[in-house]
Amino acid sequence: MAEICELLEAARQLVTLVDHDGPRGLDALRGYTVLNMFGEPSTRTRSSFEIAGRRLGANVVTFVVDEKSSTTKGESFRDTVRNLDAMGLDALVVRHVQDGLPEKITQWVRARVVNAGDGRLEHPTQALLDTLTILEAFNRPLAADRTLDGLRVAICGDVDNGRVAHSDILAFRALGAYVVTAGPEQLLSDEIARRYEVPCVRNLDDAIDGADVVVMLRIQRERLSGELSMSDAEYHAAWGLTETRLERTAPTSIVLHPGPINRGIELPDSVADGPRSRILRQVSLGVAVRMAVLCRACGVTPEEIPP
Ligand code: NCD
């Protein structure tokens, strides 16, 4: 809890930098080396970590674990990681398909490890940037205990396969929000209700009724065991957040989506690009959050970041 608040406070200090109101870069991490190791496709998270590191003056290297890396020559993944660490890394940012891999890597390396999304499990920096977006939209103080008190958040769609959903549930609830999840049985199992003690609703209208925040998720087809039992059109009709449906939410509600958006499926253009959407703001704030996270990983305290 304290760590979440400290990171958000540091990120807020850095927001002027991502809004281009302040200096274009800082020297806080000059001389530090950050390696981004990505073993899964990524647009936002990968670019955001790279930009964050560079804006802080760090040496940033991105290593894509693919057919060009030595894992295809028979090297074990542990050896690959230990070799990279031996080059003198301060922070190692990891995205991987395997659940729990970033945590395992902490036992193999000297560098501080940052989880940039592991399998179906967690995506902590996305949860932080989602939280910062909500705090900003509702003008809530950062460091206050239960700063999301009184806010109703609906997380809708493919919750089972959505690591963003899992980290969001943990972060939002830790800060006092009321969280409800919604999705069809194939994408939202009762296991989620058991694991996180959140309501699982089988009807989108009920879930978003009076909601202050609606987090929409794409269907993570690459993680589904079989085909989804409904067509895109059927899914949109039952689970798409249309403008008509949006009228059920609170008058000041906001819409979030971690991206990539599958337009016309979970969100129509009118909502994705509409006045309630904070989706691009999430992306901007993501850079500030990752700057704060990299500073922490490298042991640079927020006090060293100029206001
Ligand atoms: C998500 C991810 O990769 O976990 N996107 C992101 O990081 N912004 C969600 C997704 O892939 O659907």
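Counting residues in hydrophobic clusters, the biggest one holds 66 residues, and the most contacted among them are Ile134, Ile155, Phe172 and Leu294. Residues contacting phenylalanine 172, with those up to four places away along its chain left out, are Ala127, Asp130, Thr131, Ile134, Leu148, Val153, Ile155, Ala177, Val179 and Val215.

All right, on to the sheet that holds strand S4 (residues 112-118) then. Hydrogen bonding along the main chain pairs the strands of a sheet, whether they run parallel or antiparallel. As summarised here, the arrangement of the four strands in space is S2-S1-S3-S4, forming an open sheet in which the pairing is parallel. The sheet is open, and its two borders are formed by strand S2 (59-64) and S4, each paired with just one other strand. Taken over all neighbouring pairs, the strand axes of this sheet differ in orientation by 15° on average, direction set aside. Direction of pairing for strand S3 (residues 91-96) relative to S4: parallel, over a ladder of five bridges. Following the sheet pairing, alanine 91 is matched in S4 by arginine 112. Contacts between helix H2 (residues 44-55) and the sheet are confined to strand S1 (33-38), S2, S3 and S4, with S2 contributing the most and set at about 160° to the helix.

Taken together, Arg44, Thr45, Arg95, His123, Gln126, Arg163, Val164, Arg218, Gln220, Pro258, Gly259 and Pro260 make up the full set of residues near the ligand. Here a nitrogen atom of the ligand and a side-chain polar atom of glutamine 126 are 3.3 Å apart. The contact in question runs from an oxygen atom of the ligand to an N or O atom on the side chain of arginine 163, over 2.7 Å. Contact with the protein chains removes 94% of the 320 Å² of surface that the ligand exposes when unbound. Where the shell around the ligand is concerned, the elements lending two or more residues are H2 and helix H6 (163-174). The residue makeup of the shell around the ligand, split by class, is three nonpolar, five polar and four charged.

Enumeration over the complete set of coordinates arrives at 20 salt bridges. Across the salt bridge formed by arginine 30 and aspartate 27, the nearest N and O atoms sit 2.6 Å from each other. The exposed category is assigned to arginine 30, whose relative accessible area is 53%. Exposure remark for aspartate 27: the relative accessible area of 53% places this residue in the exposed category. One salt bridge in this structure joins arginine 248 and aspartate 209, with 3.5 Å as the shortest N-O distance. Pair noted here: arginine 248 is in the loop between helix H10 (243-246) and strand S9 (254-256) and aspartate 209 is in the loop between helix H8 (204-208) and strand S8 (213-216), with a separation of 39 residues, a long-range link.

Parameters at a glance
- Residues numbered from 1 in each chain as written.
- Predicted model: local features only at pLDDT ≥ 70, side-chain atom pairs only at ≥ 80, totals over all residues.
- Heavy atoms only, no water.
- Core = buried A, V, L, I, M, F, W, Y, C linked by side-chain atoms within 4.5 Å.
- Buried < 20%, exposed > 50% of the residue type's maximum accessible area, 1.4 Å probe, protein only.
- Contact = heavy atoms within 4.5 Å.
- Pairing = 2+ DSSP bridges.
- Helix = DSSP H or I, 4+ residues; strand = E, 2+ residues; numbered from the N terminus.
- Axes fitted to C-alpha atoms, helices over the stretch in contact; angles between N-to-C directions.
- Near = heavy atom within 4 Å.
- Polar contact = N/O pair within 3.5 Å; in protein donor to acceptor, adjacent residues only side chain to side chain.
- Areas by Shrake-Rupley, 256 points an atom, 1.4 Å probe, with all protein chains shown as cover.
- Nonpolar A, V, L, I, M, F, W, Y, C, P; charged D, E, K, R; others polar.
- Salt bridge = Lys/Arg side-chain N within 4 Å of Asp/Glu carboxyl O.

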